[in-house]
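# Descriptive structure summary
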Amino acid sequence: MEDFLDDLYPEITLETEDIIMSLSIKKDYSQIEDFNKRKEEFIKDLHEFVNEFSQTPESDDFIKYFDF
């Protein structure tokens, strides 16, 4: 099943000093012809994704992982 998803969606891995995040991109950004607008739309969607995640119980559970 995972191979099937790999063929369907492009993937990107974002890495900083503190976080490595792998994403599968479901949205088809090819419909936006202008490169800068396409990039802007992707970044906007990425921000929305993080903001939505921050409001979920899963984000709370994840942070609780670091409790001692």
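Residues numbered from 1 in each chain as written. Predicted model: local features only at pLDDT ≥ 70, side-chain atom pairs only at ≥ 80, totals over all residues. Heavy atoms only, no water.

### Comments concerning a nonpolar patch on the surface
A cluster of nonpolar side chains, contributed by Phe-53, Phe-62, Ile-63, Tyr-65 and Phe-66, occupies part of the molecular surface with about 590 Å² of accessible area. Relative to the assigned elements, Phe-53 resides in helix α2 (residues 35–54). (Patch = residues over 30% accessible without salt bridge, like charges linked within 9 Å, V, L, I, M, F, W, Y side chains within 5 Å. Areas by Shrake-Rupley, 256 points an atom, 1.4 Å probe, with all protein chains shown as cover. Salt bridge = Lys/Arg side-chain N within 4 Å of Asp/Glu carboxyl O. Helix = DSSP H or I, 4+ residues; strand = E, 2+ residues; numbered from the N terminus.)

### Here's the deal with the confidence of the model for the protein chain
Averaged over every residue, the pLDDT of the protein chain is 92; the share at 70 or more is 91%. Looking over the protein chain, one finds the lowest element-wise mean pLDDT in helix α1 (residues 2–8), namely 62, and the highest in α2, namely 97. (pLDDT = per-residue confidence, 0-100.)

### Topic: the pairing of strand β2 (residues 20–24)
The pairing of strand β1 (residues 11–15) with β2 spans five bridges and is antiparallel. Within β2, the position partnered with Leu-14 by the bridge is Met-21. The antiparallel pairing of β1 with β2 creates a hairpin that spans four residues between the two strands. (Pairing = 2+ DSSP bridges.)

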